[in-house]
Amino acid sequence: MTSDRIRIFDTTLRDGEQAPGCSMTLSEKLRVAKALSELNVDIIEAGFPAASPGDFESVKAIADENFGPVICGLARCNPDDIEKVHAAVKGADKHRIHVFVATSAIHREHKLKMAKEEIIKSAVGAIKMARELCDDVEFSPEDASRTELSYLAEVVSAAIEAGATTVNIPDTVGYTVPAEFDRLFRHLKEHVANIDDIVLSVHCHNDLGMAVANSLAAVHAGARQVECTINGIGERAGNCSLEEIVMALKTRSEFFELDTGIETTRLYPTSRLVSSITGMHVPRNKAIVGENAFAHEAGIHQHGMLQHASTYEIMLPEDVGISKSNLVLGKHSGRHAFRDRVVELGFDLDEFETNRAFQAFKKLADKKKDVYDGDIEAIVMDVDNSSPGPWALKSMQVNTRTDEDASATVILTSEDGNTVEQTATGDGPVAACFAALELAAGIGLTLKNFEVHSATIGEDAQGEVTVTVEYDNSSYRGQGTSVDIVEAGCRAYLDVINRVIRREQRGAPSNRSSTASQALI
Ligand code: KIV
Ligand code: ZN
């Protein structure tokens, strides 16, 4: 099935979410799925339903929303996995079952301990079963790029005969190089008799930094579906980055002569959303969506740009959703101007959220002369992210001196009207605040990671803090923003405390001491 249309299969919620520190809550996954449908991806791989009841529920919730794209779930080649995927995705008008089994000698011998024929039998059985439940079935021979070419062709041919409608070729360990991958795809095109009956797909990992280049090589050799993730998040060094592959195909359309259906102006807002939700910051020099992707610093480049943008600019920032003007708002800007800017930046807030965001904007504009796009994005993300409690930060006070421990006092209010004050000391102001927050909320967490980023330029820029903690063998992430980075840290830590408590209240096992001392005032 060779056409001039490339299907974009987004696996941010499955392969991306599998990456350490990238796990998302159900409501976060729903927000990402909605953003992906606004981006107009063709297929959303929403998760791996057999992995856990939580995964099943989130795939089902996304499918039931019926956002528009095909909703897909991943399954190993066994009946239980396949039934679970079907039960989870069937609520979407368009749904897909994706089955996989490893085929390389390394995986056959060391992981599966299965012979070549057994693997084909297992794949064929799974595909047939999936086809009985669903017309749209994808098959992936895991570690295809390290599989013997003749055996890979045999597997692919058997998969098509069994009823697979898409066959995906993964470079699971990011090992291949473009010329070799081109050869692999051309080999399949030549040696698999029925290959034109299906959509040939590519799925690359970025271990050697070649996921996008390898995917483009596959496309050039005939692949018509690309599997990718927003910001390239994923296992280890990540997956093929969606924004890079889409803009490569668009910018070099005279070479590839292929189209995607992607609404490219949604690339930047979607990238920001995923980065804010996962806490995985986009490097400044990241292609397409990095802060410096369209910045020209060298004098000679600036001179050229002033003569004609095409001298040094191969894409327009507006085409990827980065607004041309970094319009500055201030404390005299009204609700109207604020709302227009929020919409221009690609966010979709309802009336209630707009009001909350506008209040936060007014507060910030009182502290900070100029409010930039980065500040507005941080406000909107905060409104979107704002954890519903049970605890809210009423105030914090910190004392710190060189050569002495810092001390911090925090006052928290709870949903049920309690006020708690606690004081603690620590090596520095942040450690003291975190200790005081733990005492106040009666919880003990293990801090694993603390990151601060500035939301915009300037001395009075807001700090965005992301913290990752471990509690009860699970990892949690929280975020907070403020012009005061210690306060941003406190807000991030309280966000994470609230997430842990809410999870416990929903029934997760608890280690939390019920006798934790709390001074009620
Ligand atoms: O990388 C890989 O091989 C995968 C498959 C399950 C498609 O993610
Ligand atoms: Zn993968």
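Residues numbered from 1 in each chain as written. Chains lettered and ligands numbered in written order. Predicted model: local features only at pLDDT ≥ 70, side-chain atom pairs only at ≥ 80, totals over all residues. Heavy atoms only, no water.

**Student:** In this structure, what is going on with the confidence of the model for the chain? I would like to understand it.
**Tutor:** Summarising the model, the chain shows a mean pLDDT of 90, and 93% of its residues fall at 70 or more. Considering only residues more than four positions removed or in separate chains, one finds that residues 509–521, a stretch of pLDDT under 50, has 33 contacts. (pLDDT = per-residue confidence, 0-100. Contact = heavy atoms within 4.5 Å.)

**Student:** Please clarify how the coordination of the zinc ion (ligand 2) should be interpreted in this entry.
**Tutor:** In an ideal tetrahedron of four donors about a metal, each angle is 109.5 degrees. In an ideal octahedron of six donors, the angles are 90 or 180 degrees. Every protein donor of the zinc ion (ligand 2) is listed here as D15 (OD), H203 (NE2) and H205 (NE2), and their distances to the metal cover 2.0 to 2.1 Å. For the zinc ion (ligand 2), the donor residues sit on a single chain with the sequence spacing D-x187-H-x1-H. Using a relative accessible area of 5% as the deciding quantity, one classes H203 as buried. (Donors = N, O, S within 2.8 Å, 3.2 Å for Na, K, Ca; no water. Buried < 20%, exposed > 50% of the residue type's maximum accessible area, 1.4 Å probe, protein only.)

**Student:** What is the right way to read helix α7 (residues 149–162) from this model?
**Tutor:** Residue pairs spaced three or four apart in an α-helix point in one direction, given the helix's 3.6 residues per turn. Under the 1.5 Å per step criterion, the end-to-end length of α7 is 20 Å for 14 residues, consistent within 8% with the ideal 20 Å. Most of α7 is tucked away, with ten of its 14 residues classed as buried. If you check which residues of α7 are buried, you get Y151, L152, A153, V155, V156, S157, A158, A159, I160 and A162. Packed against the buried residues of α7 are α5 (105–112), α6 (116–133), β5 (137–142), β6 (166–171) and α8 (178–191). The positive-phi residue at the C-terminal boundary of α7 is G163, with phi of around 120°. (Helix = DSSP H or I, 4+ residues; strand = E, 2+ residues; numbered from the N terminus. Expected span 1.5 Å × (residues − 1).)

**Student:** Just to check I follow, could you spell out the site of ligand 1 for this structure?
**Tutor:** In the neighbourhood of ligand 1, the contacting residues comprise R14, D15, H98, F100, S140, E142, N168, P170, T172, H203 and H205. At 3.1 Å from an oxygen atom of ligand 1 is found a side-chain nitrogen or oxygen belonging to D15. Separating an oxygen atom of ligand 1 from a side-chain N or O atom of H203 is a distance of 3.1 Å. Look at ligand 1: alone it shows 260 Å² of surface, and the protein chains cover 94% of it. Among the secondary structure elements, those contributing two or more residues to the shell around ligand 1 are α1 (12–16), β4 (95–102), β5 and β6. (Near = heavy atom within 4 Å. Polar contact = N/O pair within 3.5 Å; in protein donor to acceptor, adjacent residues only side chain to side chain. Areas by Shrake-Rupley, 256 points an atom, 1.4 Å probe, with all protein chains shown as cover.)

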